[in-house]
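Summary of structural features
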Amino acid sequence: MTFKNTKEFALELDQLDVLNSYKKEFIFPKVNGKDVIYFTGNSLGLQPKRTKSYVDEVMNDWANLAVEGHFYAEKPWWDYHERFANPLSKIVGALPSEVTVMNTLTVNLHLLMVTFYRPTPKRYKIICEAKAFPSDQYMIQSQVQFHGYDSSDAIIEIHRREGEHNIRLEDVLSKINEVGQELALVLIGGVNYYTGQVFDMKTITEAGHNVGAFVGWDLAHAAGNIKLDLHEWNVDFAAWCSYKYMNSGPGNASGCFIHEKHHANKDLHRFAGWWGHNKERRFKMEPTFDPVQGAEGWQISNLPILSLAPYLASVEMFDEIGMNVLIEKRDKITAYLEFVLNEISNEVNGTFEIITPKNQDERACQLSVYLHGEGRSLFEYLMKNGVITDWREPNVIRLAPVPLYCSFEDMYDFGQILKAGILK
Ligand SMILES: *Cc1c(COP(=O)(O)O)cnc(C)c1O
């Protein structure tokens, strides 16, 4: 399709968009009395209007039933989390028994490393991406140190080549083979938070397994954004947060995946709690832990229902739409945003550059723009004019045109505001 950088053309694309009506389902902050153009759904998704009723339901059940709500609430609390298994499994490409919701992301990655990072003097190294999200870096360092290893020796980072913005697949694979028998675990962000690069998870997972390592993925920027097929890809484990593309609200619960092939293995170490115990016998208060077979066997505490309620609203919305429809719009709107950026760049003599891969297989809903010259003031100009982006040092703004609530018209309008901001 040949795009045009005109209001008329953008409005035509909106008319053809089957997800266009979902914009109305979200609550937008306002600047100067107008809904903002929201590009930070990769950081905190907007609030869906339907979410409040899910939370109110729990508040009402708690008021009316108190402790009885565990069993007699509209959606009983004792097995509330089981409502996620079906819709969530479709979002991440898993069997329902392979996914569950609990805790928060970094906590879950720690818990999953208790199971899948069991270093020995011969096999103790972890491969991750250089400049990973800071929380992941701290997590991996502390795990390695906890087991008595030296992080500078045990953590192998994969770097970008000089002058390049993205990591090459061939460099990941050759590093895995080089570390070989010493490699215990590969743990990478499936979509890089800074550049938006999407990794080839299938190929990397296979390469890790070929040298005898476990392979896990941090899917913070992937869940609800890209097509995942965790079961088929044979991924050992994964975890994600729900407040980015999945719109569940600040700091909300995480989801996690543990491949079916590990479910029956009682030799796997894990940190246990009563919510991971055999469901039929959970309230018998027996002394010996008998884990549920499935991701639920990694549950520890009874669940924060008030925090799951918005997440449930979200997975039900995703289920109603389906990832394929979402991805189709995502690719089109991201391509349109890229087009608009390139048009503006020509008009203002290239004062910025897109560092996200151009190839659609290697990117999803995010374009990261490197600003040459005075970046910070441009970012602030955008904020003042109703465009919410985010700023990352040294000079990058990240733009996520989330297909659920961004319109093609937003992309056009953004281009005009950006141009005015650069030329002012
Ligand atoms: C957002 C994000 C996190 C956040 O972790 P929390 O435990 O939810 O605070 C972690 N890792 C990556 C890659 C992220 O993008």
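Just so it is clear, the model here is predicted, and its values are computed rather than measured.

The strand order across the open sheet formed by four strands is E13-E14-E17-E16, and the pairing between neighbours is antiparallel. Lying at the two open borders of the sheet, with one neighbouring strand each, are strand E13 (352-354) and strand E16 (390-392). Neighbour-to-neighbour, the strand axes of the sheet open up by a mean angle of 30°, direction not taken into account. Its contacts with the sheet put helix H12 (residues 375-384) on strand E14 (367-371), E16 and strand E17 (396-399), and the angle it makes with E16 is roughly 165°.

Once that is clear, we can look at the pairing of strand E6 (residues 99-102). Consecutive side chains of a regular strand alternate in pointing toward one face of the sheet and then the other. Side-chain alternation along E6 places Val 99 and Val 101 on one buried face and Thr 100 and Met 102 on a second face that is also buried. In terms of strand pairing, E6 meets strand E12 (residues 254-258) through four bridges, oriented antiparallel. Counterpart to Thr 100 in the pairing with E12 is Cys 256.

Attention now moves to the site of the ligand. Leu 105, Thr 106, Phe 133, Asp 136, Asp 218, Ala 220, His 221, Tyr 243 and Lys 244 make up every residue found near the ligand. The contact in question runs from an oxygen atom of the ligand to an N or O atom on the side chain of Thr 106, over 2.5 Å. The contact in question runs from a nitrogen atom of the ligand to an N or O atom on the side chain of Asp 218, over 3.0 Å. Considering the ligand on its own, with 390 Å² of exposed area, one finds that the protein chains cover 84% of that surface. Among the residues forming the shell around the ligand, the class breakdown is four nonpolar, two polar and three charged.

Below, the discussion takes up the pairing of strand E7 (residues 125-129). The element E7 is extensively covered by neighbouring structure, given that five of its five residues are classed as buried. Residues Lys 125, Ile 127 and Glu 129 of E7 are buried on one face, and the alternating residues Ile 126 and Cys 128, pointing to the opposite face, are buried as well. Bridging between E7 and strand E9 (residues 183-189) involves three bridges; their strand directions are parallel. Its bridge partner lying in E9, Ile 127 is registered against Val 186. Bridge count between E7 and strand E8 (residues 155-158): four bridges; the pairing is parallel. Residue pairing across strands places Cys 128 opposite Glu 157, the latter belonging to E8.

By secondary structure assignment, the location of Val 36 is in the loop between strand E3 (34-35) and strand E4 (37-38). Setting aside residues up to four positions removed in sequence, Val 36 forms contacts with Phe 28, Pro 29, Lys 30, Val 31, Gly 386 and Ile 388.

Quick look at the side chain of Asp 236 now. Mapped onto the fold, Asp 236 is located in the loop between strand E10 (214-218) and strand E11 (237-241). Excluding residues within four positions of it along the chain, Asp 236 makes contact with Phe 116, His 209, Ala 213, Phe 214, Val 215, Phe 257, Ile 258, His 259, Lys 261 and His 262.

A separate point is the packing of H12 against helix H13 (residues 408-423). Put simply, H12 and H13 touch, their axes get as near as 10 Å, and they point 135° apart. Comparing their axes, H13 and H12 come out oblique. Classified by chirality, the crossing of H13 by H12 is right-handed. Only Phe 414, Ile 417, Leu 418, Ala 420, Gly 421 and Ile 422 of H13 make contact with H12, whose side of the interface consists of Leu 378, Tyr 381 and Leu 382. Of the residues contributing to the contact of H12 with H13, the split by class is eight nonpolar, one polar and no charged.

Below, the discussion takes up the sheet that holds E10. The strand order across the open sheet formed by seven strands is E6-E12-E11-E10-E9-E7-E8, and the pairing between neighbours is mixed. Each edge of the open sheet is held by one strand with a lone partner, namely E6 and E8. Each strand of the sheet is rotated relative to its neighbour by a mean of 20°, with strand direction disregarded. For E10 and E11, the ladder comprises three bridges, and the chain directions are parallel.

So, about empty space enclosed by the protein. Enumeration according to the criterion identifies two cavities of 30 Å³ or more in this entry. Of the pockets and cavities examined, the largest cavity occupies roughly 50 Å³. Along the walls of the largest cavity sit Gly 224, Asn 225, Tyr 245, Phe 318, Leu 326, Arg 330, Cys 365, Val 402, Pro 403 and Leu 404, which together make up its complete lining. The class makeup of the residues in the lining of the largest cavity is seven nonpolar, two polar and one charged. Here the second largest cavity defines a volume of roughly 40 Å³. Where the lining of the second largest cavity is concerned, the elements lending two or more residues are E7, helix H6 (134-146) and E9. A per-element tally of the lining of the second largest cavity places E9 first, with three residues. A per-class count over the lining of the second largest cavity returns five nonpolar, one polar and three charged.

Moving on, we come to the environment of His 81. Relative to the helices and strands, His 81 resides in the loop between helix H3 (69-72) and helix H4 (85-92). Take His 81: its relative accessible area is 2%, and that puts it in the buried class. In this structure, the C-alpha to C-alpha distance between His 81 and Leu 308, residues 227 residues apart in sequence, is 7.5 Å. The residues touching His 81, leaving out its near neighbours within four places in the chain, are Thr 100, Val 101, Trp 275, Glu 296, Gln 299, Leu 303 and Leu 308.

Definitions and cut-offs
Residues numbered from 1 in each chain as written. Predicted model: local features only at pLDDT ≥ 70, side-chain atom pairs only at ≥ 80, totals over all residues. Heavy atoms only, no water. Pairing = 2+ DSSP bridges. Helix = DSSP H or I, 4+ residues; strand = E, 2+ residues; numbered from the N terminus. Axes fitted to C-alpha atoms, helices over the stretch in contact; angles between N-to-C directions. Contact = heavy atoms within 4.5 Å. Buried < 20%, exposed > 50% of the residue type's maximum accessible area, 1.4 Å probe, protein only. Near = heavy atom within 4 Å. Polar contact = N/O pair within 3.5 Å; in protein donor to acceptor, adjacent residues only side chain to side chain. Areas by Shrake-Rupley, 256 points an atom, 1.4 Å probe, with all protein chains shown as cover. Nonpolar A, V, L, I, M, F, W, Y, C, P; charged D, E, K, R; others polar. Parallel < 35°, antiparallel > 145°, perpendicular 65-115°, else oblique. Left-handed = near helix turned anticlockwise from the far one by under 90°. 1 Å grid on protein atoms, 1.4 Å probe; cavity = no way out; pocket = protein on both sides within 12 Å on 5 of 7 lines; lining within 4 Å. Points joined across faces, edges and corners; volume = space filled by probe spheres on them.

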